Amino acid sequence: MDEAGIGPVVVCVRGPSRSGKSTVVQGLIERLGGNGLRIAWVKRTHHPLDLPEKASGRVWSAGPSAMVIAAPDRLQLTLPRVERAARNVLRQVPVDVDLVLFETHEPEAFPTVLAADAEPTSGEQVVARWSLAELETGLRAAESAVRALLPRDLELDRALRAAKEFHGGHACAGLILGTRLALYAGELLGVELPDRAKRLTAAVEIDRCAADAIVAVTGCRPGKRTLRFLDYGKLAATFWDLSTGRAVRVAARGDLRERVGVFDAGRHAAQAAAYRSWPAEELFSVRWVETPVGSLDMPGPPVRRVVCIACGEEVADGRELPSEAGPVCRPCAGA
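In this text, all values refer to a predicted model and were calculated from it rather than measured experimentally.

J.: Help me understand the nonpolar core, please; the structure alone is not making it clear to me.
T.: As a rule of thumb, soluble globular proteins bury nonpolar side chains together. By size, the foremost hydrophobic cluster in this structure holds 44 residues, and its most contacted members are F239, Y275 and F284. Ranked by residue count, the leading element in this core is helix 6 (residues 173-189), at ten residues. Here F284 is in contact with L177, R180, L181, Y184, V250, A251, A252 and R253, once residues within four sequence places are set aside. Judged by nonpolar contacts, the second largest core, of 21 residues, contains L28, A118, L139 and A142.

J.: Please explain the pattern of salt bridges as it appears in this structure.
T.: In a structure, side chains of opposite charge can pair up when their charged atoms sit close to one another. Under the criterion given, the structure shown has 21 salt bridges. Close ionic contact of E143 with R31 constitutes a salt bridge, the shortest N to O distance being 3.2 Å. Of the two residues, E143 is situated in helix 4 (residues 135-149) and R31 in helix 1 (residues 21-32); the sequence distance between them amounts to 112 residues. The exposure class of E143 is buried, given its relative accessible area of 17%. Taken together, the shared-partner salt bridges in this structure form one network comprising R31, E136, R140, E143 and R147.

J.: How should the sheet that holds strand 2 (residues 39-43) be read in this particular structure?
T.: The strands that make up a sheet pair up through hydrogen bonds in the backbone, lying either parallel or antiparallel. Taken in spatial order, the five strands of this open sheet run 2-5-1-6-7, and their pairing is parallel. Taken across any chain shown, the strands that pair with only one partner, and hence form the sheet edges, are strand 2 and strand 7 (126-130). Each strand axis lies, on average, 20° off the axis of its neighbour in the sheet, ignoring direction. Inspection of the sheet shows strand 6 (residues 112-115) paired to strand 7 by four bridges, in the parallel sense. Looking at strand 7, one finds that V113 is bridged to A128. Strands in contact with helix 1 are strand 1 (9-14), strand 2, strand 5 (99-104) and strand 7; relative to strand 5, the strand with the most contacts, it is inclined by about 170°. Helix 4 contacts strand 1, strand 5, strand 6 and strand 7 of the sheet and is inclined by roughly 160° relative to strand 7.

J.: Any chance you could explain the environment of A213 here in plain terms?
T.: With respect to the element layout, A213 can be found in helix 7 (residues 209-218). In this structure the C-alpha to C-alpha distance between A213 and R253, which are 40 residues apart in sequence, comes to 18 Å. Beyond its immediate chain neighbours, meaning those up to four positions away, A213 contacts A163, L175, G178 and T179.

J.: Would you mind going over the layout of surface pockets with me for this structure?
T.: Remark: the empty space left among the atoms is shown by a probe the size of a water molecule rolled over them. Approximately 1600 Å³ is the volume attributed to the largest pocket. Residue lining of the largest pocket: 25 residues in total, with K43, L49, L77, T78 and L79 positioned closest to the centre. Contributions of two or more residues to the lining of the largest pocket are made by strand 2, helix 2 (55-61) and strand 4 (75-78). When grouped by side-chain class, the residues that make up the lining of the largest pocket number 13 nonpolar, six polar and six charged. Computed from the structure, the second largest pocket encloses a volume of approximately 600 Å³.

J.: Would you take a moment to explain a negative patch on the surface for this structure?
T.: A contiguous patch of negative charge, built from D153, E155, E187, E192, E281 and E282, is present on the exposed surface. Along the chain, E282 turns up in helix 10 (residues 280-283).

J.: Honestly, the sheet that holds strand 11 (residues 247-252) in this entry has me stumped. Any pointers?
T.: Reading across from one edge, 9-8-10-11-12 is the order of the five strands in this open sheet, with mixed pairing throughout. The sheet is open, and its two edges are formed by strand 9 (227-229) and strand 12 (284-289), each paired on a single side. Pairwise comparison of adjacent strand axes, ignoring direction, gives a mean angle of 20° for this sheet. Here strand 8 (residues 200-204) pairs with strand 9 via three bridges, running parallel. Across the sheet, the residue bridging to A203 is R228, located in strand 9.

J.: Got a minute to help me understand the pairing of strand 3 (residues 67-70) in this structure?
T.: Consecutive side chains of a regular strand alternate in pointing toward one face of the sheet and then the other. Pairing geometry for strand 3 and strand 4, over four bridges, is antiparallel. Bridge pairing links A70 to L75 in strand 4. Hairpin remark: strand 3 followed by strand 4, antiparallel, with four residues in the connecting loop.

J.: So what exactly am I meant to see when it comes to unusual backbone geometry here?
T.: For the peptide bond that leads from G7 to P8, omega is 10°, which places it in the cis range. Positionally, P8 belongs in the segment before strand 1. For the bond running from L193 to P194, omega is -5°, close enough to zero to count as cis. Of note, P194 is situated in the loop between helix 6 and strand 8. Located in the positive-phi region is K198, a residue other than glycine, with phi close to 55°. By secondary structure assignment, the location of K198 is in the loop between helix 6 and strand 8. Using a relative accessible area of 42% as the deciding quantity, one classes K198 as partly exposed.

Rules and cut-offs
- Residues numbered from 1 in each chain as written.
- Predicted model: local features only at pLDDT ≥ 70, side-chain atom pairs only at ≥ 80, totals over all residues.
- Heavy atoms only, no water.
- Core = buried A, V, L, I, M, F, W, Y, C linked by side-chain atoms within 4.5 Å.
- Buried < 20%, exposed > 50% of the residue type's maximum accessible area, 1.4 Å probe, protein only.
- Helix = DSSP H or I, 4+ residues; strand = E, 2+ residues; numbered from the N terminus.
- Contact = heavy atoms within 4.5 Å.
- Salt bridge = Lys/Arg side-chain N within 4 Å of Asp/Glu carboxyl O.
- Pairing = 2+ DSSP bridges.
- Axes fitted to C-alpha atoms, helices over the stretch in contact; angles between N-to-C directions.
- 1 Å grid on protein atoms, 1.4 Å probe; cavity = no way out; pocket = protein on both sides within 12 Å on 5 of 7 lines; lining within 4 Å.
- Points joined across faces, edges and corners; volume = space filled by probe spheres on them.
- Nonpolar A, V, L, I, M, F, W, Y, C, P; charged D, E, K, R; others polar.
- Patch = residues over 30% accessible without salt bridge, like charges linked within 9 Å, V, L, I, M, F, W, Y side chains within 5 Å.
- Areas by Shrake-Rupley, 256 points an atom, 1.4 Å probe, with all protein chains shown as cover.
- Lys, Arg positive; Asp, Glu negative; His and termini not counted.
- Charge placed at Lys NZ, Arg CZ, Asp CG, Glu CD.

Shown next, in the form of structure tokens:
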């Protein structure tokens with residue numbers, strides 16, 4: 001997890017050769033992999049991945065930027081090597097993974113399931129131990145320890161990861177608040193997020209971090225005509241469910257910073273923690289609105305196009321203004 005507590009959770013499975021690391025990883029995946037939990041296995045190896053006499057080995061030696069092999073049982077993606085430091089390897093894990101089991105000989109700065117015949121290093125966070133002689137007992141302890149590390153709200157953590165990725169890898173209090181706002185709107189309207197059916201249209205009232213979170217979490221985008229920007233400087237957004245006609249405006253309450261009550265150098269961390277954990281009702285005000293989406297604002301191809309008589313450029317979807325001489329675009333009209 002990062003400094004804001006956003007996943008994925010990384011747990012090391014550490015021990016010497018032949019201690020049963022891969023057996024423990026396999027057992028944990030079998031025990032934890034139900035209920036939709038997405039698990040990745042990460043391992044550093046000195047062995048070649050493709051045999052030289054195989055086609056994949058010969059092609060890889062030619063130096064492609066990536067190699068994808070679709071086999072009957074899996075899809076394998078091979079990328080060029082990175083430095084073997086844990087942070088570099090872990091950056092390659094897909095953003096939608098919830099838990100990473102990191103099989104390693106070397107101690108790392110993550111919670112660790114440690115082989116009984118390995119000595120913990122100074123500061124190593126050992127959460128469980130195992131031995132092959134008592135494997136079942138060790139697996140039960142490891143499973144319990146790993147479950148305790150997982151976020152209580154997996155849906156929120158997944159949304160935060162998507163928002164952080166879209167935002168360029170940075171997670172701040174505003175991004176967390178925007179993520180919570182989007183999820184709350186989806187809950188109020190009964191729309192599953194991200195919206196892939198173009199049910200949802202949003203109007204966002206601020207051009208800051210929260211706006212990126214709303215885009216990432218809802219799937220609403222300007223290019224699909226499902227997101228508009230209103231330059232009001234307010235951390236708020238209105239959401240329309242085009243399938244039901246219902247619309248709701250959700251806005252951050254104006255006293256949030258005062259209620260968090262931290263104003264020194266630690267205020268950003270305190271705000272991020274509060275915005276992540278407080279109930280939505282304590283973070284936002286809600287107002288159901290009657291603002292129908294007109295035919296010129298609906299997703300889909302342009303309904304109407306005209307040419308501005310002043311500049312000769314095309315104007316789509318009724319954004320022109322009338323004049324005595326004919327339609328003009330807003331810049332030419334000085335609007």
